[in-house]
Structure formats: structure tokens, C-alpha cells
Amino acid sequence: MKNILVTGGAGFIGSAFVRYMVEKYPQYTIVVLDKLTYAGNLDNLLPVKDKPNYHFERGDIADAEAVERICQEHNIDAIVNFAAESHVDRSIMNPNAFLQTDVVGVYVLLEACRKLGIERFHHISTDEVYGSIDEGHFKEDDPLSPNNPYSASKAGGELMVRAYHVTHGLHTTITRGSNTFGPYHYPEKLIPFFVTEAIDDRPLPLYGDGTQVRDWLYVEDHCRGVDIVLHQGAPGEVYNLGGENEHQNIEITHRILDILGKPRSLIKHVEDRPGHDRRYAISNDKLRAHFNWSPDTPFETALEQTVRWYVENEWWWRKIKSGEYLEYYKKQYGERLANA
Ligand SMILES: NC(=O)c1ccc[n+]([C@@H]2O[C@H](COP(=O)([O-])OP(=O)(O)OC[C@H]3O[C@@H](n4cnc5c(N)ncnc54)[C@H](O)[C@@H]3O)[C@@H](O)[C@H]2O)c1
């Protein structure tokens, strides 16, 4: 591997991966392909913008001609696909873009690999493809049972990856990560949304009773897991990347408020998300056994660092929270908050 195309590299996890890879592997060239949707942000890539082994290309992964041209121009020999529509609430409002990017886009990338003989395709998926589990932890060979248009699209993309491995012999790998958090996370997802709202003493609209359980993974641990699987994963295999760190949403909210020294009265229980999964939990046994990977950032430290990052980097998120963001906020929470 010399020239790696990182799709979705201007988003939250993709940009963390690019910053990590550019530093760790100066011998690789990292080319980012990103459509710069509402969630893509070149500010996330400012730390690497002048590095000689980093290049940026704006484009859509569902645009076959652009994908092939960029792969040829940069002599790409591996693709790591982070590009996705990634927000469950938006998938309930408008699923079309999810099918286009998370299913068709994945197919276009796979076709480019097949046609151009690109040696490696690593696909970033999510623990949400398994659906909800009351007790225990999902393992990689458990059936997929997605419950919302986002997770269904991600499952569809994954199945296409599997099919290209079996049918065309592509060297593919997949990681299914848990709920990831850290700096540069678009402020519509639970942690950055509540941190930035609480900084401004605004109400925190918590879905339902807030007892839904998520498994939280620090973004740096997620990137380290992807790096290991990209380099050492076996062809056709899927690996869970769990945080081993389950918390109810209400507990996360309390912790955020405590770190910021803000009152719990900011919490407003609002109408739940339809089809809201109760609990996500995955087992890390496979990755631990094969590559000795486990998440190693202590949760308290990681959450505290993350909250501090938002306190210290208002320049990054204040400009996001305007325009389209406010329209989305109004649609998603306006009525819910008014009825709370
Ligand atoms: N955030 C999480 O908790 C989490 C957990 C597990 C897995 N994942 C997966 O990780 C990946 C990255 O998630 P994220 O949270 O960084 O998402 P994000 O929404 O922050 O970033 C997505 C990026 O993809 C780009 N993009 C969207 N459509 C595109 C297209 N058609 N062509 C090219 N670029 C496009 C966007 O511009 C953006 O830069 C996704 O595949 C997601 O499903 C996320």
C-alpha cells in the first residue's frame, strides 16, 4: 500500500483517521475524496493541509467517472471508505441520500476497485447494523437486523462489500464501530450537540426517558482499530470495534453537565425517536484474539478532553450552528421542545 484514498475524510471520524495516518505513515500518500455535504468540513483537515503526503479532492463517491479518474490520477492502491450519510434522525426525515451514498456509493467504489485492480478495500460500518440487543453482545457472525433507514443503508452497503469479495475476489475488510465521540464531531450528534447547547445554557432535548444504552468509543481508538484491520485484516472478514463502555444517554448527559458545571434543569425530556433502538452492544473478542486490539483511552479522560475541546474551539462549531443547521434543528426539535 502506498497511495490510500480516504473517502469521507472531511467528516468526523474520517478526518481523525487522515490526521492520524498522515503523521504515522509519512511514506504513504493520503488522498481524501469528500463531497463536502453539510457534515464535511475542511476545517477538520487544517492540521494536515500543508503536509506533502496529503491531497484533497472534492467529489461524490456515487459518481463513477470522478471516482475512477481520481483513483487513476493518484495511482490508488487502497480505499478506506468513511463516506456516508451518518445521522439516524436525518435518515428518518429523508432517506434518499442514505441509499445513494451508503449503498450506491459503496457499489461505485467497489466497481472502481474491480475495474482498476485496486488491491484493498476497507469499509467503515457501524454496530447499528445488528439492531438492538437486550442482553449480551453481538458477534461478527450474528445476523444483521437494522431498524432505521440509516442502519439499513449501512447494512446494504456492507452486503455489497461481501458480494464483491465472494464474487470478484476483492480483498475487502469491514469494521463495525460503536458510537464514536471526540473533537470535530458535527454538533447534531448527542455528545457535541448537548455540550455546545449547554455551553449556551440552552435546553437539552433528551429523547424519551433517556435510558437507551450506547457503547462509546473514543475516536482515536476507532482510528487505531481501522489501521490494524487495514494492514492485517484477513480478506472478506468483518471485525467489531467496540468501546466496552456502555452508558445510558441520561448518564452521558449528566456527566456533560457536571463537567461544564451546568444545572440538570437544562434537560428536557422530549418525544422519542421512532423505532429508537434500546441498546447497542458488540463483542471485541475477535479483534482482541487476532490482533490484541482493545480500546485503551479511559472514558472519563476522553469525555473530559472532548468537552474541553468544544469549550476551547468555539471558532469551529459556532459557524456550523447557523443556516441549514438551524433549519434542521427547528424541524427536529422545535415541536418536541414546545410540547415538552
Ligand atoms: N459517528 C459514529 O458514531 C459512527 C460509529 C460507527 C460507524 N460510523 C461510520 O463511520 C463513517 C464516518 O462517520 P462520521 O461520524 O465521521 O460521519 P460524518 O457525517 O461526520 O462524515 C461523513 C463524511 O462523508 C462525506 N460524504 C457524505 N456523502 C458523500 C458522498 N456521496 N461522497 C463523498 N463524500 C461524502 C461528508 O461530506 C462527510 O465529510 C460512516 O460510514 C459512519 O456510518 C460512525
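The structure contained in this document is the topic of the report that follows. The shown structure was predicted, so the numbers you read here are calculated from the model rather than taken from an experiment.

1. Observations regarding the overall build of the protein
Looking only at helices and strands, the protein has twelve helices and twelve strands in total. Rg of the C-alpha trace for the protein: 19 Å, near the compact-globule value of 20 Å for 340 residues, within the 12% margin. Oriented by its inertia axes, the alpha-carbon framework of the protein measures out at about 55 × 45 × 35 Å. Long-range pairs, those at least 24 residues apart, make up 83% of the contacts in the protein with a sequence separation of at least 6.

2. Topic: unusual backbone geometry
Not every positive phi belongs to a glycine, and D201 is a case in point at roughly 55°. Structurally, D201 can be placed in the loop between helix 6 (190–199) and strand 8 (204–207). Given 10 C-beta atoms within 10 Å, D201 falls into the exposed group. The phi torsion at E244 lies on the positive side, around 50°, for a residue other than glycine. Its location among the elements puts E244 in the loop between strand 10 (237–241) and strand 11 (246–248).

3. Quick word on the sheet that holds strand 6 (residues 171–177)
Ordered in space as 3-2-1-4-5-6-10, the seven strands form an open sheet in which the pairing is parallel. Strands at the two margins of the open sheet, each flanked by one partner only, are strand 3 (54–58) and strand 10. This sheet shows a mean twist of 20° between the axes of neighbouring strands, independent of strand direction. Running over the sheet, helix 7 (residues 219–232) touches strand 4 (78–81), strand 5 (120–126), strand 6 and strand 10 and is turned about 160° from strand 6.

4. Topic: the nonpolar core
Core analysis: the largest hydrophobic core is formed by 75 residues, its most contacted members being V6, F17, V18, I30, I79, L109 and L110. For this core, the leading source of residues is helix 1 (residues 12–24), giving seven residues. Core analysis: the next-biggest nonpolar cluster, separate from the first, contains eight residues, F138, A152, A155 and A281 among them.

5. What to know about the sheet that holds strand 9 (residues 213–218)
Sheets are built from strands that pair by backbone hydrogen bonding, the pairs being arranged parallel or antiparallel. Strand order in the open sheet made by the three strands is 7-9-11, with mixed pairing throughout. Two strands close off the open sheet at either side, each with one partner strand: strand 7 (179–181) and strand 11. Each strand of the sheet is rotated relative to its neighbour by a mean of 50°, with strand direction disregarded. For strand 9 and strand 11, the ladder comprises three bridges, and the chain directions are antiparallel. Counted as the bridge partner of D215 is E246 from strand 11.

6. Things to note about the environment of Y25
Structurally, Y25 is set in the loop between helix 1 and strand 2 (29–34). Taking the number of C-beta atoms within 10 Å as the measure of exposure, Y25 has 16 and is therefore partly exposed. When the C-alpha atoms of Y25 and R69 are compared, they prove to be 24 Å apart, with 44 residues separating the residues in sequence.

7. Here we look at the packing of helix 2 (residues 64–73) against helix 4 (residues 96–116)
Look at helix 2 against helix 4: their axes get within 10 Å of each other, and the N-to-C directions meet at 45°. In terms of their interaxial angle, helix 2 and helix 4 are classed as oblique. Where helix 2 crosses over helix 4, the handedness of that crossing is right-handed. Together, A64, V67, E68, C71 and Q72 of helix 2 and V108, L109, E111, A112, K115 and L116 of helix 4 make up the contact between the two elements. Counted by class, the contact of helix 2 with helix 4 contains seven nonpolar, one polar and three charged residues.

8. Things to note about the packing of helix 4 against helix 5 (residues 149–168)
With their axes 8 Å apart at the nearest point, helix 4 and helix 5 run at an angle of 15° to one another. Taken together, the axes of helix 4 and helix 5 are roughly parallel relative to one another. For the pair helix 4 and helix 5, the sense of crossing is right-handed. Contacts between helix 4 and helix 5 pair F98, L99, D102, V103, V106, Y107, L110 and R114 from the former with P149, Y150, S153, K154, G156, G157, M160, V161, Y164 and H168 from the latter.

9. A few points about helix 12 (residues 324–339)
A rise of 1.5 Å per residue sets the reference length of helix 12, with its 16 residues, at 22 Å; its end C-alpha atoms lie 23 Å apart and thus fit the reference within 8%. A maximum bend of about 45° is found in helix 12 at Y333. Taken across its 16 residues, helix 12 has zero buried, putting it largely on the surface.

10. Quick word on the pairing of strand 1 (residues 3–7)
Counting buried residues along strand 1, four of its five residues qualify, which places the element largely inside the surrounding structure. In terms of strand pairing, strand 1 meets strand 2 through five bridges, oriented parallel. Bridging from a neighbouring strand, V6 pairs with V32 of strand 2. In this fold, the crossover linking strand 1 to strand 2 by way of helix 1 has right-handed handedness. Bridge count between strand 1 and strand 4: four bridges; the pairing is parallel. By the bridge assignment for strand 4, V6 is matched with V80.

11. Points about helix 6
With nine of ten residues buried, helix 6 lies mostly within the body of the structure. Turning to helix 6, its buried residues number three or more, namely L190, I191, P192, F193, F194, V195, T196, E197 and A198. Elements in contact with the buried residues of helix 6: strand 7, strand 8, helix 8 (249–260), helix 10 (299–312) and helix 11 (314–318). Taken from the residues just after helix 6, D201 is the one with a positive phi, measuring 55°.

Reading the values: rules and limits
Residues numbered from 1 in each chain as written. Predicted model: local features only at pLDDT ≥ 70, side-chain atom pairs only at ≥ 80, totals over all residues. Helix = DSSP H or I, 4+ residues; strand = E, 2+ residues; numbered from the N terminus. Rg over C-alpha atoms; globule rule 2.2 N^0.38 Å. Contact = placed C-beta atoms within 7 Å. Buried ≥ 20, exposed ≤ 12 C-beta atoms within 10 Å, placed from the backbone. Pairing = 2+ DSSP bridges. Axes fitted to C-alpha atoms, helices over the stretch in contact; angles between N-to-C directions. Core = buried A, V, L, I, M, F, W, Y, C linked by C-beta atoms within 7 Å. Parallel < 35°, antiparallel > 145°, perpendicular 65-115°, else oblique. Left-handed = near helix turned anticlockwise from the far one by under 90°. Nonpolar A, V, L, I, M, F, W, Y, C, P; charged D, E, K, R; others polar. Expected span 1.5 Å × (residues − 1). Bend = angle between axes of the 7 residues up to and from the residue. Right-handed = clockwise from strand over helix to strand, strands pointing away.

Read these as geometric descriptors, not functional statements.
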